[in-house]
Amino acid sequence: MRRVVVTGLGVVSPVGTGVDAFWERLKSGANGIRRISHFDAGDLACQVAGEVPTSAEDEHGFDIDAVIDARDQRRSGRFIHFAMGAVQEALAHAGWSPATDRERERTGTIIGTGVGGFPEMTAGTRLVDEKGPRRASPFLVPSFLANLAAGQVSIRHGLKGPIGAPVTACAASLQALGDAARLIRSGEADVMVAGGSEACIDRVSYAGFCAAKAMSSKRNDDPEHASRPFDQDRDGFIMGEGAGILVLEDYEHAKARGATILAELAGYGTSADAYHVTASSPDGEGGLRAMRQALSMANLSPTEIGYVNAHSTSTPVGDAAEVAALSTLFDGRGKDLAVSSSKSMFGHLLGAAGAVEAIACVKALVSGMLPPSRNLDNPDEAISKFEMIPGKAIARDVSHVLTNGFGFGGVNASAVFSKI
């Protein structure tokens, strides 16, 4: 099996667009959670979100006009816009622009999402109900189809290799990375543009999650303290939006073209809980199996992992299951293992979460800085035996990191990134 390395990164997030801005703000424990501006949320239990700011709102916000022309903006959904922006940065970062037929045919695209164009679906429904079917745009369906982030990216950049779009809830983009790595390992592709994108901040999605009592409702007037993974005072997750894209490449291919290799995707594992639609098993058994599979593929023992970027979303049930799994896997470890949750800064990006957090893991390996958790004032006793990194990043040189993504339906995914 061929080795899989990371040669490019691209990100659109609530704390910044562009990997450099994203990483600088992440290290400082920046806050990306604010009152919802997309719609009137006054009658919802949760009224805050990790919205991606525009370039007019923030110097490191998302400049859609630099990515997509005005006509195509109207013809495609917000999650597609984010994916296009992150891919543009990642390919430039990797220095990869396939020029020959063979290069294009050996470059694939896998971009996952939890839902796809949710706001476009709800807006289309309202339009047809209020004004009739004749008012529907011929671009309505392509604006929200879950596979159209990958489709639009492949069309724009001429990527003719394998294409896919995992739609596995909050594990989607981590599964996209795992699927892409398998294609490279098996020799079906040399380069894969992989990750995830999500733009699901909408009245209907919020109404549904609030009805399930999954979202935070206690800190609508204090957004920056609302997302509290692993903290005893947490009361639910905060939704975010954005995209994370990694350029994965066969090691020998990357060396031959003189690419800068950032890290190796050394291991990947995925599993099913087969337990409950929305809740993990209390002992975290499914997630534990995924982590063990990832370690096995990487040929590593748990003692060799120096940092875990946890899936932890700030829901009491989900956090407890992951804590149980980590405690079992890393039994006997103490402060030499660092654990944090980036969702404390920008919320839960659903299907895009895994890829954005994978980017944080790669940057941690490259920089020797481990990103923190915000709002960790009163951590769960079971997790506090590890180094929890409250507030700001810490300097610690690690060789191997693990990241998790767990989703509704009992889907689990874990990946190991290593120095090279």
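Here, the structure is the one placed above.
Described below are features of the structure shown in this document. (Residues numbered from 1 in each chain as written. Predicted model: local features only at pLDDT ≥ 70, side-chain atom pairs only at ≥ 80, totals over all residues. Heavy atoms only, no water.)

Leu177, Leu246, Leu248, Leu265 and Phe417 are the most contacted members of the largest nonpolar core, which totals 51 residues. The next biggest cluster of nonpolar side chains, apart from the first, holds 28 residues, and it includes Ala83, Val87, Trp96 and Val193. (Core = buried A, V, L, I, M, F, W, Y, C linked by side-chain atoms within 4.5 Å. Buried < 20%, exposed > 50% of the residue type's maximum accessible area, 1.4 Å probe, protein only.)

This paragraph deals with unusual backbone geometry. Note: most peptide bonds trans; most residues except glycine with negative phi. At Lys213, a residue that is not glycine, the phi angle is positive and equals roughly 60 degrees. In this structure, Lys213 sits in the loop between helix H9 (203-211) and strand S8 (242-250). Residue class for Lys213 comes out exposed when judged on its relative accessible area of 71%. The backbone of Phe230 sits at a positive phi, close to 70 degrees, despite the residue not being glycine. (Helix = DSSP H or I, 4+ residues; strand = E, 2+ residues; numbered from the N terminus.)

The next subject is the environment of Ala415. Relative to the elements of secondary structure, Ala415 occurs in strand S15 (residues 411-418). By relative accessible area, which is 2% here, Ala415 ends up buried. Once the C-alpha coordinates of Ala415 and Ala266 are considered, the two residues, 149 residues apart in sequence, prove to be 7.7 Å apart. Those residues in contact with Ala415 that lie beyond four places of it in its chain are Leu174, Leu265, Gly267, Tyr268, Ala294, Val401, Leu402 and Thr403. (Contact = heavy atoms within 4.5 Å.)

With eight of eight residues buried, strand S7 (residues 191-198) is to be regarded as a mostly interior element. Across the two faces of S7 the burial is the same, with Val191, Val193, Gly195 and Ser197 and Met192, Ala194, Gly196 and Glu198 all buried. Relative to S7, strand S5 (residues 107-112) is paired through six bridges, and the arrangement is parallel. Counted as the bridge partner of Ile111 is Gly195 from S7. Where S7 meets S8, eight bridges bridge the pair, whose relative direction is antiparallel. (Pairing = 2+ DSSP bridges.)

Pairing is possible between side chains of opposite charge, provided their charged atoms come close. Tallied over the full model, the rule gives 25 salt bridges. When the shortest N-O distance is used, the salt bridge between Arg35 and Asp221 registers 3.8 Å. Taken together, the residues Arg35 in strand S3 (residues 34-35) and Asp221 in the loop between H9 and S8 connect sequence positions 186 residues apart. Among the salt bridges present, the one from Arg182 reaches Asp179, with a minimum N-O distance of 3.7 Å. Of this pair, Arg182 and Asp179 both sit in helix H8 (residues 172-185), three residues apart, roughly one helical turn. (Salt bridge = Lys/Arg side-chain N within 4 Å of Asp/Glu carboxyl O.)

Bear in mind that shape data such as this cannot, by itself, settle questions of function.
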